Amino acid sequence: MTVHTTLSVSHLTVKFGGLVALDDVYLEVPSNSIVGLIGPNGAGKTTVFNSISGLVPVTSGEIAIYGKSVGWPKSYELAAYGIARTLQGVGLFNGLSVIENVMMGANSQSGSNFIKDLFGLSGQAEKKLRRRAEDALAWAGALVLADKNPSELTYPETKRISIARALVMEPKILLLDEPAAGLGQDDIDKFAELLKQLKRKCSIMIVEHHVDFIGQISDRVYVLNFGKVIASGSFDSVKRDPAVLAAYLGTSHQTGNEHLGGF
Ligand SMILES: Nc1ncnc2c1ncn2[C@@H]1O[C@H](COP(=O)(O)OP(=O)(O)OP(=O)(O)O)[C@@H](O)[C@H]1O
Ligand SMILES: [Mg+2]
(Lines give C-alpha, C1' and ligand atoms only; values in the text may rest on other atoms or scores of the structure.)
(Ligands and ions follow the chains in the order given, each with its own letter.)
Protein backbone atom coordinates (compact mmCIF):
# COMPACT_ATOMS: atom_id res chain seq x y z
CA MET A 1 0.00 0.00 0.00
CA THR A 2 1.31 3.47 -0.83
CA VAL A 3 0.28 7.03 -0.13
CA HIS A 4 -1.28 6.89 -3.59
CA THR A 5 -4.03 4.82 -2.04
CA THR A 6 -6.86 6.99 -0.77
CA LEU A 7 -8.68 4.27 1.12
CA SER A 8 -7.99 0.66 1.89
CA VAL A 9 -9.95 -1.93 3.79
CA SER A 10 -8.63 -5.29 4.91
CA HIS A 11 -10.00 -8.34 6.70
CA LEU A 12 -13.43 -6.69 6.98
CA THR A 13 -15.95 -9.02 8.55
CA VAL A 14 -19.49 -7.98 9.45
CA LYS A 15 -21.92 -10.33 11.16
CA PHE A 16 -25.60 -9.71 11.70
CA GLY A 17 -26.44 -12.27 14.36
CA GLY A 18 -25.67 -15.60 12.71
CA LEU A 19 -25.43 -14.12 9.20
CA VAL A 20 -21.94 -13.40 7.92
CA ALA A 21 -22.69 -10.47 5.61
CA LEU A 22 -19.01 -9.73 4.90
CA ASP A 23 -16.22 -12.25 5.23
CA ASP A 24 -12.59 -11.07 5.19
CA VAL A 25 -13.22 -8.41 2.53
CA TYR A 26 -10.32 -6.35 1.20
CA LEU A 27 -10.28 -3.49 -1.21
CA GLU A 28 -8.09 -0.60 -2.21
CA VAL A 29 -9.11 2.67 -3.79
CA PRO A 30 -6.14 4.29 -5.56
CA SER A 31 -6.10 8.08 -5.56
CA ASN A 32 -7.91 9.75 -8.44
CA SER A 33 -9.53 6.53 -9.53
CA ILE A 34 -12.98 5.05 -9.83
CA VAL A 35 -13.47 1.69 -8.15
CA GLY A 36 -16.59 -0.30 -8.95
CA LEU A 37 -18.15 -2.74 -6.51
CA ILE A 38 -20.49 -5.26 -8.11
CA GLY A 39 -22.12 -8.54 -7.20
CA PRO A 40 -25.52 -10.22 -7.08
CA ASN A 41 -28.32 -9.06 -4.78
CA GLY A 42 -27.48 -9.57 -1.14
CA ALA A 43 -23.75 -9.99 -1.86
CA GLY A 44 -22.84 -7.36 0.74
CA LYS A 45 -22.13 -4.28 -1.40
CA THR A 46 -24.18 -1.81 0.61
CA THR A 47 -22.82 -3.32 3.82
CA VAL A 48 -19.30 -2.41 2.65
CA PHE A 49 -20.45 1.21 2.26
CA ASN A 50 -22.30 1.09 5.56
CA SER A 51 -19.17 -0.17 7.32
CA ILE A 52 -17.02 2.58 5.83
CA SER A 53 -19.59 5.21 6.70
CA GLY A 54 -20.28 4.11 10.26
CA LEU A 55 -23.81 2.83 9.75
CA VAL A 56 -23.24 -0.77 10.83
CA PRO A 57 -20.97 -2.16 13.54
CA VAL A 58 -17.88 -3.86 12.13
CA THR A 59 -17.08 -7.24 13.66
CA SER A 60 -13.39 -7.09 12.70
CA GLY A 61 -11.11 -5.55 10.12
CA GLU A 62 -8.94 -2.55 9.41
CA ILE A 63 -9.40 0.66 7.47
CA ALA A 64 -6.63 3.01 6.34
CA ILE A 65 -6.79 6.44 4.73
CA TYR A 66 -3.77 7.54 2.72
CA GLY A 67 -1.95 4.52 4.10
CA LYS A 68 -2.56 5.50 7.70
CA SER A 69 -4.49 3.06 9.82
CA VAL A 70 -7.50 4.73 11.43
CA GLY A 71 -10.46 3.54 13.48
CA TRP A 72 -13.76 2.74 11.78
CA PRO A 73 -15.51 6.08 11.44
CA LYS A 74 -18.74 6.90 13.22
CA SER A 75 -21.32 8.41 10.89
CA TYR A 76 -20.85 11.88 12.40
CA GLU A 77 -17.08 11.67 11.86
CA LEU A 78 -17.23 11.16 8.09
CA ALA A 79 -16.47 14.76 7.18
CA ALA A 80 -13.36 14.68 9.35
CA TYR A 81 -12.27 11.46 7.61
CA GLY A 82 -12.83 13.04 4.19
CA ILE A 83 -15.54 10.54 3.30
CA ALA A 84 -18.82 11.57 1.69
CA ARG A 85 -21.67 9.44 0.43
CA THR A 86 -24.75 10.39 -1.45
CA LEU A 87 -27.84 9.56 0.53
CA GLN A 88 -30.40 7.67 -1.48
CA GLY A 89 -33.99 8.72 -1.17
CA VAL A 90 -33.18 11.87 0.76
CA GLY A 91 -35.04 14.57 -1.07
CA LEU A 92 -34.14 18.19 -1.54
CA PHE A 93 -35.94 20.85 0.46
CA ASN A 94 -38.39 22.66 -1.77
CA GLY A 95 -38.42 25.76 0.43
CA LEU A 96 -34.76 26.36 -0.38
CA SER A 97 -32.99 27.03 -3.67
CA VAL A 98 -30.69 24.42 -5.19
CA ILE A 99 -27.58 26.21 -3.96
CA GLU A 100 -28.95 26.48 -0.43
CA ASN A 101 -29.64 22.75 -0.50
CA VAL A 102 -26.02 22.19 -1.54
CA MET A 103 -24.76 24.51 1.21
CA MET A 104 -26.63 22.39 3.74
CA GLY A 105 -24.68 19.37 2.54
CA ALA A 106 -21.64 20.85 4.26
CA ASN A 107 -23.11 20.02 7.63
CA SER A 108 -25.65 17.31 6.98
CA GLN A 109 -23.09 14.55 7.37
CA SER A 110 -21.27 15.92 10.37
CA GLY A 111 -24.04 15.28 12.86
CA SER A 112 -24.77 18.90 13.65
CA ASN A 113 -28.07 20.71 13.43
CA PHE A 114 -27.49 21.92 9.92
CA ILE A 115 -30.60 24.00 9.41
CA LYS A 116 -29.85 25.99 12.54
CA ASP A 117 -26.18 26.21 11.52
CA LEU A 118 -26.94 27.45 8.03
CA PHE A 119 -29.13 30.28 9.21
CA GLY A 120 -26.84 31.09 12.13
CA LEU A 121 -23.81 31.74 9.91
CA SER A 122 -22.15 35.13 9.85
CA GLY A 123 -22.26 37.01 6.55
CA GLN A 124 -18.68 36.15 5.79
CA ALA A 125 -19.00 32.47 6.66
CA GLU A 126 -22.11 32.26 4.53
CA LYS A 127 -20.30 33.84 1.59
CA LYS A 128 -17.47 31.36 1.94
CA LEU A 129 -19.85 28.42 2.11
CA ARG A 130 -21.77 29.76 -0.90
CA ARG A 131 -18.53 29.86 -2.89
CA ARG A 132 -17.81 26.24 -1.93
CA ALA A 133 -21.33 25.28 -2.98
CA GLU A 134 -20.84 27.04 -6.34
CA ASP A 135 -17.61 25.15 -6.83
CA ALA A 136 -19.34 21.85 -5.97
CA LEU A 137 -22.18 22.64 -8.38
CA ALA A 138 -19.66 23.45 -11.11
CA TRP A 139 -17.90 20.09 -10.59
CA ALA A 140 -21.29 18.39 -10.77
CA GLY A 141 -22.03 20.20 -14.03
CA ALA A 142 -24.99 21.93 -12.43
CA LEU A 143 -23.97 25.52 -11.73
CA VAL A 144 -26.72 26.79 -14.05
CA LEU A 145 -29.26 25.22 -11.72
CA ALA A 146 -28.06 27.12 -8.62
CA ASP A 147 -31.02 29.45 -8.27
CA LYS A 148 -33.74 27.04 -9.27
CA ASN A 149 -36.24 25.54 -6.90
CA PRO A 150 -35.77 21.76 -6.51
CA SER A 151 -39.33 21.22 -7.80
CA GLU A 152 -38.21 22.55 -11.22
CA LEU A 153 -35.49 19.92 -11.66
CA THR A 154 -35.61 16.85 -13.86
CA TYR A 155 -34.72 13.50 -12.26
CA PRO A 156 -31.20 13.39 -13.79
CA GLU A 157 -30.64 16.95 -12.56
CA THR A 158 -31.51 15.93 -8.98
CA LYS A 159 -28.81 13.24 -9.27
CA ARG A 160 -26.27 15.93 -10.09
CA ILE A 161 -27.41 18.02 -7.13
CA SER A 162 -26.99 15.07 -4.77
CA ILE A 163 -23.40 14.74 -6.03
CA ALA A 164 -22.84 18.47 -5.47
CA ARG A 165 -24.25 18.14 -1.97
CA ALA A 166 -21.63 15.49 -1.19
CA LEU A 167 -18.83 17.44 -2.92
CA VAL A 168 -19.39 20.55 -0.86
CA MET A 169 -17.70 18.67 2.00
CA GLU A 170 -14.57 18.57 -0.17
CA PRO A 171 -14.20 14.82 0.38
CA LYS A 172 -11.16 12.70 -0.43
CA ILE A 173 -13.45 9.85 -1.31
CA LEU A 174 -17.00 9.78 -2.57
CA LEU A 175 -19.17 6.69 -2.05
CA LEU A 176 -22.00 6.31 -4.55
CA ASP A 177 -24.59 3.58 -4.04
CA GLU A 178 -26.48 2.90 -7.28
CA PRO A 179 -26.28 6.47 -8.62
CA ALA A 180 -27.42 5.46 -12.12
CA ALA A 181 -30.62 3.77 -10.93
CA GLY A 182 -33.58 5.07 -12.90
CA LEU A 183 -31.51 6.93 -15.52
CA GLY A 184 -31.95 6.35 -19.25
CA GLN A 185 -29.01 5.48 -21.49
CA ASP A 186 -28.33 9.08 -22.59
CA ASP A 187 -28.19 10.30 -19.03
CA ILE A 188 -26.07 7.33 -17.96
CA ASP A 189 -23.52 8.30 -20.64
CA LYS A 190 -23.51 11.92 -19.44
CA PHE A 191 -23.18 10.74 -15.85
CA ALA A 192 -20.23 8.54 -16.81
CA GLU A 193 -18.51 11.59 -18.32
CA LEU A 194 -19.19 13.57 -15.16
CA LEU A 195 -17.62 10.91 -12.94
CA LYS A 196 -14.56 10.66 -15.17
CA GLN A 197 -14.06 14.42 -14.73
CA LEU A 198 -14.69 14.18 -11.02
CA LYS A 199 -11.94 11.68 -10.33
CA ARG A 200 -9.44 14.48 -10.99
CA LYS A 201 -10.76 15.93 -7.74
CA CYS A 202 -11.34 12.89 -5.52
CA SER A 203 -11.48 9.10 -5.51
CA ILE A 204 -14.82 7.47 -6.16
CA MET A 205 -16.20 4.13 -5.05
CA ILE A 206 -19.38 3.09 -6.73
CA VAL A 207 -21.91 0.28 -6.24
CA GLU A 208 -24.02 -0.29 -9.31
CA HIS A 209 -26.17 -2.93 -10.97
CA HIS A 210 -25.63 -1.34 -14.39
CA VAL A 211 -22.60 -3.39 -15.28
CA ASP A 212 -21.97 -1.69 -18.62
CA PHE A 213 -21.81 1.61 -16.77
CA ILE A 214 -19.28 0.16 -14.29
CA GLY A 215 -17.26 -1.12 -17.23
CA GLN A 216 -17.34 2.32 -18.84
CA ILE A 217 -16.01 4.23 -15.85
CA SER A 218 -14.09 1.95 -13.47
CA ASP A 219 -10.32 1.75 -13.22
CA ARG A 220 -10.70 -1.28 -10.98
CA VAL A 221 -13.60 -3.55 -10.09
CA TYR A 222 -14.24 -5.78 -7.08
CA VAL A 223 -16.82 -8.53 -7.30
CA LEU A 224 -18.56 -9.67 -4.13
CA ASN A 225 -20.56 -12.85 -3.69
CA PHE A 226 -21.97 -14.08 -0.40
CA GLY A 227 -19.88 -11.52 1.44
CA LYS A 228 -16.54 -12.49 -0.11
CA VAL A 229 -14.40 -10.81 -2.75
CA ILE A 230 -14.36 -13.40 -5.55
CA ALA A 231 -12.48 -11.34 -8.15
CA SER A 232 -10.78 -7.99 -8.60
CA GLY A 233 -8.94 -6.17 -11.34
CA SER A 234 -9.89 -4.46 -14.57
CA PHE A 235 -13.49 -4.82 -15.71
CA ASP A 236 -12.30 -6.74 -18.76
CA SER A 237 -10.53 -9.29 -16.61
CA VAL A 238 -13.25 -9.79 -14.01
CA LYS A 239 -16.03 -10.14 -16.56
CA ARG A 240 -14.26 -13.20 -17.97
CA ASP A 241 -13.46 -14.67 -14.58
CA PRO A 242 -15.17 -18.08 -14.26
CA ALA A 243 -15.97 -17.44 -10.57
CA VAL A 244 -17.74 -14.21 -11.53
CA LEU A 245 -19.72 -15.85 -14.31
CA ALA A 246 -20.66 -18.65 -11.96
CA ALA A 247 -21.81 -16.22 -9.27
CA TYR A 248 -24.11 -14.41 -11.67
CA LEU A 249 -25.28 -17.36 -13.69
CA GLY A 250 -25.13 -20.29 -11.36
CA THR A 251 -22.79 -22.00 -13.82
CA SER A 252 -19.09 -21.72 -14.57
CA HIS A 253 -19.43 -22.90 -18.16
CA GLN A 254 -20.65 -19.65 -19.71
CA THR A 255 -18.21 -17.35 -21.42
CA GLY A 256 -18.45 -13.96 -23.05
CA ASN A 257 -19.54 -10.69 -21.55
CA GLU A 258 -23.00 -10.60 -23.09
CA HIS A 259 -24.23 -12.70 -20.17
CA LEU A 260 -23.14 -10.04 -17.72
CA GLY A 261 -25.56 -7.59 -19.25
CA GLY A 262 -28.51 -9.39 -17.73
CA PHE A 263 -28.00 -8.92 -14.03
N1 LIG B 1 -28.71 -3.99 9.07
C2 LIG B 1 -28.80 -5.28 8.72
N3 LIG B 1 -29.25 -6.20 9.60
C4 LIG B 1 -29.34 -7.52 9.28
N5 LIG B 1 -28.99 -8.02 8.07
C6 LIG B 1 -28.55 -7.14 7.15
C7 LIG B 1 -28.44 -5.73 7.41
N8 LIG B 1 -27.96 -5.12 6.30
C9 LIG B 1 -27.78 -6.09 5.38
N10 LIG B 1 -28.13 -7.31 5.87
C11 LIG B 1 -28.01 -8.60 5.18
O12 LIG B 1 -26.66 -8.70 4.76
C13 LIG B 1 -26.58 -9.26 3.45
C14 LIG B 1 -25.91 -8.27 2.51
O15 LIG B 1 -26.79 -7.19 2.27
P16 LIG B 1 -26.42 -5.91 1.40
O17 LIG B 1 -27.55 -4.96 1.52
O18 LIG B 1 -25.08 -5.42 1.80
O19 LIG B 1 -26.35 -6.52 -0.08
P20 LIG B 1 -26.19 -5.78 -1.48
O21 LIG B 1 -25.07 -6.44 -2.18
O22 LIG B 1 -26.13 -4.32 -1.28
O23 LIG B 1 -27.55 -6.18 -2.20
P24 LIG B 1 -28.46 -5.35 -3.27
O25 LIG B 1 -27.76 -5.53 -4.59
O26 LIG B 1 -29.75 -6.08 -3.23
O27 LIG B 1 -28.54 -3.93 -2.83
C28 LIG B 1 -28.00 -9.61 3.05
O29 LIG B 1 -28.23 -10.97 3.39
C30 LIG B 1 -28.84 -8.68 3.90
O31 LIG B 1 -30.10 -9.23 4.16
MG1 LIG C 1 -27.32 -2.69 -1.87
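Look a little higher up for the structure.
### A closer look at the site of ligand 1
Not every one of the 13 residues close to ligand 1 is listed here, only the nearest: Asn41, Gly42, Lys45, Thr47 and His209. Between asparagine 41 and ligand 1, the recorded distance is 2.8 Å, taken from a side-chain N or O atom to an oxygen atom. Here an oxygen atom of ligand 1 sits 2.7 Å away from a polar atom, N or O, in the side chain of lysine 45. Here ligand 1, which alone exposes 640 Å², has 60% of that area covered by the protein. Among the secondary structure elements, those contributing two or more residues to the shell around ligand 1 are strand E2 (19-30) and helix H1 (45-52). Of the residues forming the shell around ligand 1, the biggest block, three residues, is contributed by H1. Residues of the shell around ligand 1, tallied by class, amount to five nonpolar, six polar and two charged.

### Quick word on unusual backbone geometry
Glycine aside, residues mostly have negative phi, and peptide bonds are mostly found in the trans state. Located in the positive-phi region is glutamate 178, a residue other than glycine, with phi close to 55°. In this structure glutamate 178 comes out as partly exposed when scored by relative accessible area, which is 22%. Even without being glycine, phenylalanine 226 reaches a positive phi, approximately 45°. Along the chain, phenylalanine 226 falls in the loop between strand E9 (220-225) and strand E10 (228-233). Among the residues examined, phenylalanine 226 registers a relative accessible area of 70% and is labelled exposed.

Here is what the cut-offs are and how they apply
Residues numbered from 1 in each chain as written. Chains lettered and ligands numbered in written order. Predicted model: local features only at pLDDT ≥ 70, side-chain atom pairs only at ≥ 80, totals over all residues. Heavy atoms only, no water. Near = heavy atom within 4 Å. Polar contact = N/O pair within 3.5 Å; in protein donor to acceptor, adjacent residues only side chain to side chain. Areas by Shrake-Rupley, 256 points an atom, 1.4 Å probe, with all protein chains shown as cover. Helix = DSSP H or I, 4+ residues; strand = E, 2+ residues; numbered from the N terminus. Nonpolar A, V, L, I, M, F, W, Y, C, P; charged D, E, K, R; others polar. Buried < 20%, exposed > 50% of the residue type's maximum accessible area, 1.4 Å probe, protein only.

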